[in-house]
Amino acid sequence: MILQNFKSYFSMREIYNVGIIGGGVSGVVTALQLSKHGIDSVLFEQQKSVVNGPPFCHLHAGGNLYPDISVAQCQLLMKQSIEMARMFPESIDERPTLISVPKTEKYEFSNLKQRLDMLVDYYKSLIAEDSENEILGAPEDYYKIYTKADLERLTELPSVKQPKTSDQWMTNAIKFIDFKKLKMPVILVQEYGWNLFRLGAQAQLALNKTSFCDLKTNTNVTHIKDVRNENLDYNWEISTKDTVYRVNYLVNSCGFKAGAFDEFLHLNNEHLIEFKAAYVSKWDAIPGLIPELIFHGERGTPRGMVQLTPYSDDYYQIHGMTNEVTLFKNGLVKSQEKVQQPEFDEAITEKLTRGWEPKDIKARTEKAIQLVTQFVPAFKSAIVGGPPLFGAQQIPGDDPNLRIGEVRFPCKTYARSEIVKASSALTVANQILDEVHNLGIVSETQDSNTENTLLESIPKKDIDALAEGLAEQRGYPKALSRLLIERS
Ligand SMILES: Cc1cc2nc3c(=O)[nH]c(=O)nc-3n(C[C@H](O)[C@H](O)[C@H](O)COP(=O)(O)OP(=O)(O)OC[C@H]3O[C@@H](n4cnc5c(N)ncnc54)[C@H](O)[C@@H]3O)c2cc1C
């Protein structure tokens, strides 16, 4: 009888080398890297599908959306973005980004230019290390500057349905932009779009295929127990509603919920959590594709940065870094020494757990459209295109402007992923992999390949189908799962 209970309580599988809680981009990339090196894991995700947390749409390959961050951070963002784009090429939308500074703003073009030149040199050095790193086009085309005279000349040219060159992208965009409001010059940079539905689909298909990962979706982890001092063959017990899983190494990749498991372990981890949203709109068909448009501005003020991200089939996603659009009153909360898992207020918690009221979707999306209209007057005809893409993320420490978080190892055989940008996921996964090796959890494995053959074995048509299914299942237009620029 006792043996029977033991069997139904503990997982039938013996002991997993690694247990990962949270199937966001960090958790799935960790599981994929472990699989690539032949290390078994069990991955728990409480939602129906993976990569279902806060959204991402921009591959920050150079940090050009953040004029205040250091050159070192821009370089790291570029390096990490290239690594992730190489891992998930089917999720990358190769359209450029227009960077502009409104006349009302403090940023000066000369500072941006200096930084861009350093980024070009850095990009060249990455290509010199490995020619496969050339995923942002030729280094000399990484950015292009446009003066007022250049823009006036381009407005006279016809639109190009499928632009290929920087000038063609700029020609299409500038017809719609009130550039009298902008400081001159403006810049077109090769920072691409990044499709979360496609990344999620490819990761889920690959994890279902590999025998090295036991993917458990719809599975909420309720408790963890540290048994490192109990002289057992394993170090941690991970409890779900009806089963306990035994693992040697524990990875907490719960995103903004990571603090909940620190509380069980009485660990102190100073961090912030932030709730943000981006809005889905539909605009009239225009004659040619446009780049992503960035109008810089001071975060949290009524002039906060405006970001218009083009998707397939005339859908556009909008971020506006004002308290009325992307940011929220009480949307940034700090952990306390005795309360490691900070809580949002009732209004935000309601959105996170039950979704949005239709009246809030309409009100905020319309405010977002209005923000864009300041710079793109014709955008006033845009309408609500679907529910917002939203979510909460963690920010380690106490600086809400931090852009690169990585991983911490607060105690032996325990890793906490603290990524701020999705692009840091592979760096974190590789550090966890090293730690698993260094602690002797598994003996050294040999895999010097930079590519992930498991991911590469997933056919494009399967990614297309599942990405579309994920968008639909989550209530978004199917078009959001497609790329603007079809990959050859
Ligand atoms: C509006 C917005 C826009 C953004 N845009 C970009 C962008 O353009 N580019 C970019 O690089 N980054 C962007 N980010 C940041 C990016 O979304 C995050 O860095 C990234 O999603 C974090 O991934 P993660 O895996 O650490 O966490 P998450 O994605 O939050 O994953 C954590 C997972 O853990 C699961 N989980 C939690 N608790 C449990 C439990 N008890 N049991 C089982 N599962 C559990 C959750 O369901 C979730 O799926 C944006 C963030 C926001 C909010």
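Per an unreviewed UniProt entry, the recorded name for the protein is FAD-dependent oxidoreductase, and the organism is Pseudotamlana haliotis.

In this section: the environment of Met-84. Checked against the element boundaries, Met-84 lands in helix H3 (residues 71–87). Of the residues examined, Met-84 reaches a relative accessible area of 0% and is grouped as buried. Linking Met-84 and Ser-424, residues 340 residues apart in sequence, is a C-alpha distance of 8.2 Å. Setting aside residues no more than four positions away along its own chain, Met-84 makes contact with Val-25, Val-29, Trp-194, Leu-199, Ala-422, Ser-423, Ala-425 and Leu-426.

Another aspect to go through is empty space enclosed by the protein. Empty space left among the atoms is revealed by rolling a probe the size of a water molecule over them. Going through the model one piece at a time under the given rule, you end up with 3 cavities of 30 Å³ or more. Computed from the structure, the largest cavity encloses a volume of approximately 70 Å³. Lining the largest cavity, in full, are Cys-57, Ser-91, Asp-93, Arg-95, Gly-193, Trp-194, Asn-195, Thr-309, Pro-310, Tyr-311, Arg-482 and Leu-483. Among the elements of the structure, strand E7 (193–194) and strand E14 (306–310) are those that each provide at least two residues to the lining of the largest cavity. Across the lining of the largest cavity, the residue classes break down as 5 nonpolar, 4 polar and 3 charged.

All chains considered together, the criterion is met by 19 aromatic pairs. With a centroid separation of 4.4 Å and 10° between ring planes, the pair formed by Phe-295 and Phe-375 is classed as stacked. Placement of Phe-295 in strand E13 (residues 292–295) and of Phe-375 in the loop between helix H10 (358–373) and strand E17 (383–396) is noted, with a sequence separation of 80 residues between them. In this structure an aromatic cluster arises from ring pairing among Phe-256, Phe-275, Tyr-279, Phe-328, Phe-344, Trp-356 and Phe-390.

Moving on to the packing of helix H2 (residues 25–36) against helix H11 (residues 425–438). Relative to each other, H2 and H11 sit at 50°, their axes nearing to 8 Å. Accordingly, the angle class assigned to the pair H2 and H11 is oblique. The handedness of the crossing between H2 and H11 comes out as right-handed. Between H2 and H11, the contacting residues are Val-25, Ser-26, Val-29, Thr-30, Gln-33 and Leu-34 on the first element and Ala-425, Leu-426, Val-428, Ala-429, Asn-430, Ile-432 and Leu-433 on the second. When the residues that make up the contact of H2 with H11 are grouped by side-chain class, the tally is 9 nonpolar, 4 polar and no charged.

Attention shifts here to the site of the ligand. Taken together, 35 residues sit near the ligand, with Glu-45, Pro-55, His-58, Val-420 and Ala-422 positioned nearest. With respect to the ligand, the backbone of Ser-26 contributes an N or O atom lying 3.0 Å from an oxygen atom. Contacts to the ligand include Cys-57, whose backbone N or O atom sits 3.0 Å from an oxygen atom. For the shell around the ligand, the elements supplying multiple residues, two or more each, are H2 and E17. Of the residues belonging to the shell around the ligand, the class tally is 14 nonpolar, 17 polar and 4 charged.

For the rest of this paragraph, the subject is the domain arrangement of the protein. It is common to give the size of an interface as the accessible area lost on bringing the parts into contact. The domain architecture assigned to the protein consists of domain 1 (2–53 + 197–269 + 401–481) and domain 2 (87–195 + 271–396). Contacts between the two partners involve 42 residues from domain 1 and, on the opposite side, 32 residues from domain 2. Around 3,200 Å² of area is buried between domain 1 and domain 2 when both sides are counted, 60% of it from carbon and sulfur atoms. Joining domain 1 to domain 2, the criterion identifies 1 salt bridge. We note a salt bridge from Glu-90 to Arg-198, for which the minimum N-O separation is 3.1 Å. Grouping the amino acids of the side of domain 1 that touches domain 2 by side-chain chemistry returns 20 nonpolar, 14 polar and 8 charged.

With that settled, consider the packing of helix H5 (residues 148–155) against helix H6 (residues 166–174). Two numbers describe how H5 lies on H6: the axes approach to 9 Å, and their chain directions differ by 80°. In terms of their interaxial angle, H5 and H6 are classed as roughly perpendicular. Side by side, H5 and H6 meet where Leu-151, Arg-153, Leu-154 and Thr-155 of the first sit next to Asp-167, Met-170, Thr-171 and Ile-174 of the second. A class-by-class count of the residues in the contact of H5 with H6 yields 4 nonpolar, 2 polar and 2 charged.

Turning to its location among the elements, Ser-335 is positioned in the loop between strand E16 (332–334) and helix H9 (346–354). A polar contact is formed between the side chain of Ser-335 and the backbone oxygen of Asn-269, at a distance of 3.4 Å. If we ignore the near neighbours within four places in the chain, the residues touching Ser-335 are Asn-269, Glu-270, His-271, Gln-340 and Pro-342.

Take the side chain of Gln-307 next. Residue placement: Gln-307 occurs in strand E14. Not counting chain neighbours up to four residues away, the residues in contact with Gln-307 comprise Cys-57, His-58, Leu-65, Glu-292, Leu-293, Ile-294, Gln-317, Ile-318 and His-319.

Attention now moves to H10. Helix length check: H10, at 16 residues, gives a terminal C-alpha distance of 22 Å against a target of 22 Å (1.5 Å per residue), a fit within 8%. Taken residue by residue, H10 has Ile-361, Arg-364, Thr-365, Ala-368, Ile-369, Leu-371, Val-372 and Thr-373 as its buried positions. Contacts made by the buried residues of H10 are with strand E12 (271–282), E14, strand E15 (315–320) and E17.

Enumeration over the complete set of coordinates arrives at 31 salt bridges. With its nearest N and O atoms 3.5 Å apart, the salt bridge here joins Asp-214 to Lys-216. Glu-486 serves as the salt-bridge partner of Lys-460, at 3.7 Å between the closest nitrogen and oxygen. Of this pair, Lys-460 sits in helix H13 (residues 460–473) while Glu-486 sits in the segment after H13; the two residues are 26 residues apart in sequence, bridging distant segments of the chain. What makes Glu-486 exposed here is its relative accessible area of 55%.

Rules and cut-offs
Residues numbered from 1 in each chain as written. Predicted model: local features only at pLDDT ≥ 70, side-chain atom pairs only at ≥ 80, totals over all residues. Heavy atoms only, no water. Helix = DSSP H or I, 4+ residues; strand = E, 2+ residues; numbered from the N terminus. Buried < 20%, exposed > 50% of the residue type's maximum accessible area, 1.4 Å probe, protein only. Contact = heavy atoms within 4.5 Å. 1 Å grid on protein atoms, 1.4 Å probe; cavity = no way out; pocket = protein on both sides within 12 Å on 5 of 7 lines; lining within 4 Å. Points joined across faces, edges and corners; volume = space filled by probe spheres on them. Nonpolar A, V, L, I, M, F, W, Y, C, P; charged D, E, K, R; others polar. Phe/Tyr/Trp six-rings, centres within 6.5 Å; stacked < 30°, edge-to-face > 60°. Axes fitted to C-alpha atoms, helices over the stretch in contact; angles between N-to-C directions. Parallel < 35°, antiparallel > 145°, perpendicular 65-115°, else oblique. Left-handed = near helix turned anticlockwise from the far one by under 90°. Near = heavy atom within 4 Å. Polar contact = N/O pair within 3.5 Å; in protein donor to acceptor, adjacent residues only side chain to side chain. Domains from an automatic or database assignment. Buried area = accessible area lost by both parts, 1.4 Å probe. Salt bridge = Lys/Arg side-chain N within 4 Å of Asp/Glu carboxyl O. Expected span 1.5 Å × (residues − 1).

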